[in-house]
Amino acid sequence: MTASPATRTPGLRRFLTERPPRPERCELCAVPVDADHRHLVDTEKRALVCACAACALLMQQPGAAAGRFRTVPARYLTDPGHRLDENAWEALQIPVGVAFLFRNAALDRLVALYPSPAGATESELEPTTWTAALGDSPLAGLLEPDVEALLLRRTDGHFECHLVPIDICYELVGRMRLLWQGFDGGAEARAALDAFFADVSRRARPVDEQVRS
């Protein structure tokens with residue numbers, strides 16, 4: 001006897017019905033995490049790791065996990081006094097108006113990257129060129145290795161310099177890769193970039209003037 005549709009399809013139904021998305025989990029203890037969860041930097045694999053609040057707090061303690069995991073801080077600072085002339089920016093040879101730098105503790109040097117259609121692209125310039133672009137900004141001295149970045153932007157002759165959590169830089173890279181169209185990124189990518197920097201400016205507080213002195 002031929003099986004009826006009612007008896008033939010239940011085993012397939014689980015493949016055909018839409019499944020709810022799986023919740024993100026802490027990659028250390030596997031508990032579910034919220035959308036705005038913290039991140040760690042895995043210094044061995046050079047990767048970001050999702051973390052719950054408890055694990056993020058634990059990895060802030062000196063010596064935790066033998067230093068392999070470092071909690072990404074939540075601070076945002078800006079340097080309103082940062083000045084960069086057009087010649088200094090042109091020397092960076094960045095095809096887009098945005099770049100970010102972080103100090104790689106293992107290499108003991110600055111690493112500079114910028115968004116592109118292919119993702120995060122590393123600058124091949126000497127670190128001294130980037131150091132010159134930072135000038136005397138106090139943000140460079142405050143930068144925590146591996147977990148924070150200096151975010152630079154040029155728009156119509158105006159320059160911005162912010163100290164930010166490194167995970168948002170990779171968030172920006174992913175967003176630009178998704179939206180990028182044509183040679184210059186397109187209108188949608190530019191609008192997303194404007195919104196991103198508006199949010200950074202809203203969160204950032206000016207670097208303490210006492211640090212500058």
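Structure first, text after, so check above.
Keep in mind that what you see is a predicted model, and the values were worked out from it rather than measured.

Focus on the sheet that holds strand 2 (residues 47–51)
- In spatial order, the strands read 2-1-3; together these 3 strands make up an open sheet with antiparallel pairing. Either end of the sheet is taken by a strand with one partner, and the two such strands are strand 2 and strand 3 (69–71). Looking at each pair of strands side by side, their axes are set apart by 35 degrees on average, direction ignored.
- As defined by bridge partners, strand 1 (residues 38–42) adjoins strand 2 across 5 bridges and the pair is classed as antiparallel. What sits directly across from D42, in strand 2, is A47.

Details of the pairing of strand 6 (residues 109–116)
- For strand 6, the buried fraction is high: 7 of the 8 residues fall into the buried class.
- Pairing between strand 5 (residues 98–104) and strand 6: 5 bridges, direction antiparallel. Bridging from a neighbouring strand, L101 pairs with A112 of strand 6.
- Connecting strand 5 to the antiparallel partner strand 6 that follows it, the hairpin turn spans 4 residues, and D108 within it adopts a positive phi of roughly 55 degrees.
- Across 4 bridges, the pairing between strand 6 and strand 7 (residues 119–122) is antiparallel. When the bridges of strand 7 are listed, P115 appears paired with A120.

Digging into the environment of I166
- Position of I166 relative to the elements: it lies in helix 7 (residues 166–179).
- Classification of I166 by relative accessible area gives buried; the value is 3%.
- Separated by 125 residues in the primary sequence, I166 and V41 have C-alpha atoms spaced 9.1 Å apart.

Analysis parameters
- Residues numbered from 1 in each chain as written.
- Predicted model: local features only at pLDDT ≥ 70, side-chain atom pairs only at ≥ 80, totals over all residues.
- Heavy atoms only, no water.
- Pairing = 2+ DSSP bridges.
- Helix = DSSP H or I, 4+ residues; strand = E, 2+ residues; numbered from the N terminus.
- Axes fitted to C-alpha atoms, helices over the stretch in contact; angles between N-to-C directions.
- Buried < 20%, exposed > 50% of the residue type's maximum accessible area, 1.4 Å probe, protein only.

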